[in-house]
Amino acid sequence: MTTLTIMPAGKTVDAPEGVSLLKLINGVDPAEHTCSDACHLFVLEGRKGLSKITAEENGKLDMIVGASSKSRYACMATILGTEDVTVEVLTFV
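A brief look at the structure comes next.

Cut-offs applied
Residues numbered from 1 in each chain as written. Predicted model: local features only at pLDDT ≥ 70, side-chain atom pairs only at ≥ 80, totals over all residues. Heavy atoms only, no water. Salt bridge = Lys/Arg side-chain N within 4 Å of Asp/Glu carboxyl O. Helix = DSSP H or I, 4+ residues; strand = E, 2+ residues; numbered from the N terminus. Buried < 20%, exposed > 50% of the residue type's maximum accessible area, 1.4 Å probe, protein only. Polar contact = N/O pair within 3.5 Å; in protein donor to acceptor, adjacent residues only side chain to side chain. Pairing = 2+ DSSP bridges.

A few points about the pattern of salt bridges
- Under the definition given, this model contains one salt bridge.
- Here Glu 57 and Arg 72 are joined by a salt bridge, their closest N and O atoms 2.8 Å apart. On the criterion of sequence distance, the pair formed by Glu 57 in helix α2 (residues 55-61) and Arg 72 in strand β4 (residues 71-73) is long-range, its members being 15 residues apart.
- On the accessibility criterion, Arg 72 (3% relative accessible area) is buried.

Description of the environment of Thr 34
- Within the secondary structure, Thr 34 is located in the loop between α1 (21-26) and β3 (40-45).
- Under the relative-accessibility criterion, Thr 34 is labelled exposed at 67%.
- Taking C-alpha positions, Thr 34 is 24 Å from Thr 5, a pair spaced 29 residues apart along the chain.

Some details on the side chain of His 40
- Turning to its location among the elements, His 40 is positioned in strand β3.
- What makes His 40 buried here is its relative accessible area of 6%.
- A polar contact is formed between the side chain of His 40 and the side chain of Ser 71, at a distance of 2.7 Å.

Concerning the pairing of strand β1 (residues 2-7)
- Where β1 and strand β2 (residues 11-15) come together, five bridges link them in antiparallel fashion. Residue pairing for β2: Leu 4 is matched across the bridge by Val 13.
- Where β1 folds back on β2, the antiparallel hairpin that results is connected by three residues, among which Gly 10 adopts a positive phi of roughly 75°.
- Strand direction decides the pairing type here: β1 and strand β5 (residues 85-89), joined by four bridges, are parallel. The partner of Ile 6 across the bridge, within β5, is Val 87.

Have a look at this one:
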């Protein structure tokens, strides 16, 4: 099973394949979440262990000030189960 490390807290959780980062980080199901900049985070390690960025996610990321090539939306990125992942949580509302 993949391990998700959440920085800056250094918390680790078991991350089953197909589960979103949002669900793993704060227990919210993406279907119950309104996507906004609040779930923007940086993937520090293990980018290939996450689902590919969709055109929709890429378009939203293009509109964020401070977004980088490491940026993802926690509600849109899911665990593939191929490698461990480390993320840096910026803010969650």
